Amino acid sequence: NAGVTQTPKFQVLKTGQSMTLQCAQDMNHNSMYWYRQDPGMGLRLIYYSASEGTTDKGEVPNGYNVSRLNKREFSLRLESAAPSQTSVYFCASSEWAARPSSYEQYFGPGTRLTVT
Amino acid sequence: EDQVTQSPEALRLQEGESSSLNCSYTVSGLRGLFWYRQDPGKGPEFLFTLYSAGEEKEKERLKATLTKKESFLHITAPKPEDSATYLCAVGSGANSKLTFGKGITLSVRP
């Protein structure tokens, strides 16, 4: 099993450009998440999808959109990138809906995004 | 709103020098407390889940404990390969979201 995979690993954008970060998991998990990690700020939740067909805002959703394409895939889109979106982005998945008493999240390797 | 505070922010230990990392939390209805390890340039790696006060879990040199207000990650006789950032997170309520602390960066000198 590959676990959680993310593409691309690195990306440099100019202000105003758009891009989509891709995430896929092969653990048959119901729930998926997008986080950003900045120095001194810890991991902050951008959006999450508790189950296929649903998405909800997290702590810092402004400037982002998401799509839960199917049970395996959850993408994050930046429509008009800004320097404040320079960060490391992590995707994660968990089995929450099936076993709510045990819902540790498993993370991908991250995408390092720089917006100039 | 759930809150997680980890201390200290950074910890430097000599190889073999045992210590503890602290995670204080405030939640309304704890469903689980999670510890993760993160190496530079990598995603967080799951270590433990604790569900109720008094619970303990161990893995090699690591032991996690939980009270009603805080969790400790005890590191016994650490080795340089234990150097990493350790993250604590809590889950509560009826959704699947986790709230993370800012992490503790541990350095173990040989």
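Above this text sits the structure in question.
Remember, it's a predicted structure, so these values are computed and weren't measured experimentally.

In this section: the overall build of chain A. Check the secondary structure of chain A and you find zero helices and 11 strands. Its C-alpha atoms give chain A a radius of gyration of 14 Å, near enough to 13 Å, the size a compact globule of 116 residues would have. The dimensions of chain A, computed from C-alpha atoms along their principal axes, are 40 × 25 × 25 Å. Taking all 116 residues of chain A together, 50% fall into the buried category. Sequence separation of 24 or more characterises 58% of the internal contacts of chain A that already satisfy a separation of 6 or more. Total accessible area on chain A stands at roughly 5,200 Å², and carbon and sulfur atoms take up 49% of it. Between the centroid of the 11 positive side chains of chain A and the centroid of its 9 negative side chains there is a distance of 6 Å.

Quick look at the state of the cysteines now. Residue and element names in this part refer to chain A. Summed over the entire model, instances satisfying the criterion amount to two disulfides over all chains. Paired through a disulfide, Cys23 and Cys91 show a sulfur-sulfur distance of 1.8 Å. Looking along the S-S bond of the Cys23-Cys91 disulfide, the torsion reads about -70 degrees, which is the left-handed sense. Remark: Cys91 occurs in strand β9 (residues 87-94) and Cys23 occurs in strand β3 (residues 19-25); sequence separation between them is 68 residues. Looking at Cys91, the relative accessible area reads 0%, which means it is buried.

Our next topic: the packing of aromatic side chains. For any two aromatic rings, the description comes down to two numbers: the centre-to-centre distance and the angle of the planes. The tally for this structure, following the rule as stated, stands at 12 aromatic pairs over all chains. Chaining the aromatic ring pairs together yields one cluster made of Tyr33, Tyr35, Tyr48, Phe90, Tyr106 and Phe107 of chain A together with Tyr36, Phe46 and Phe100 of chain B.

What follows deals with the side chain of Ser94 of chain A. Residues and elements named next belong to chain A. Locating Ser94 in the fold gives a position in strand β9. Judged by its relative accessible area of 0%, Ser94 is buried. Each residue touching Ser94, except ones within four places of it in the same chain, is listed here: His29, Asn30, Ser31, Tyr33, Tyr103, Glu104 and Gln105.

Counting residues in each nonpolar core, the largest one holds 23 residues, and the members touching the most others are Leu21, Leu33, Trp35, Leu73 and Tyr86 of chain B. Where this core is concerned, the elements lending two or more residues are β2 (10-14), β3 (19-26), β4 (30-38), β5 (45-50), β7 (62-66), β8 (70-75), β9 (84-92) and β11 (104-109) of chain B. Take this core: its biggest share by element is four residues, from β9 of chain B. Those residues in contact with Leu33 of chain B, other than ones at most four positions away along the chain, are Cys23, Tyr25, Phe48, Thr49, Leu50, Leu66, Ser71, Cys88, Ala89 and Val90 of chain B. Core analysis: the second largest hydrophobic core is formed by 20 residues, Met32, Trp34, Val60 and Leu113 of chain A among them.

What follows deals with unusual backbone geometry. For residues that are not glycine, phi is negative in most cases, and the peptide bond is trans in most cases. Cis rather than trans, the peptide bond between Thr7 of chain A and Pro8 of chain A has omega equal to -5 degrees. The residue Pro8 of chain A is located in the loop between β1 (4-7) and β2 (10-13) in this model. Across the junction of Ser7 of chain B and Pro8 of chain B, the peptide omega takes the value -10 degrees, indicating a cis bond. Tracing the backbone through its elements, the reader meets Pro8 of chain B in the loop between β1 (3-7) and β2. Phi at Asn28 of chain A takes a positive value of approximately 60 degrees, unusual for a residue other than glycine.

Counting residues at the interface gives 24 residues for chain A and 23 residues for chain B. In total, about 1,800 Å² of surface goes out of reach between chain A and chain B, with carbon and sulfur atoms giving 56% of it. Remark: the boundary between chain A and chain B carries zero salt bridges. Counting across the interface, chain A meets chain B through four residue pairs in polar contact (both at pLDDT 80 or more). Of the residues that constitute the side of chain A that touches chain B, the class distribution is 14 nonpolar, eight polar and two charged.

Procedures and definitions
- Residues numbered from 1 in each chain as written.
- Chains lettered and ligands numbered in written order.
- Predicted model: local features only at pLDDT ≥ 70, side-chain atom pairs only at ≥ 80, totals over all residues.
- Heavy atoms only, no water.
- Helix = DSSP H or I, 4+ residues; strand = E, 2+ residues; numbered from the N terminus.
- Rg over C-alpha atoms; globule rule 2.2 N^0.38 Å.
- Buried < 20%, exposed > 50% of the residue type's maximum accessible area, 1.4 Å probe, protein only.
- Contact = heavy atoms within 4.5 Å.
- Areas by Shrake-Rupley, 256 points an atom, 1.4 Å probe, with all protein chains shown as cover.
- Lys, Arg positive; Asp, Glu negative; His and termini not counted.
- Charge placed at Lys NZ, Arg CZ, Asp CG, Glu CD.
- Disulfide = S-S within 2.5 Å.
- Phe/Tyr/Trp six-rings, centres within 6.5 Å; stacked < 30°, edge-to-face > 60°.
- Core = buried A, V, L, I, M, F, W, Y, C linked by side-chain atoms within 4.5 Å.
- Buried area = accessible area lost by both parts, 1.4 Å probe.
- Salt bridge = Lys/Arg side-chain N within 4 Å of Asp/Glu carboxyl O.
- Polar contact = N/O pair within 3.5 Å; in protein donor to acceptor, adjacent residues only side chain to side chain.
- Nonpolar A, V, L, I, M, F, W, Y, C, P; charged D, E, K, R; others polar.

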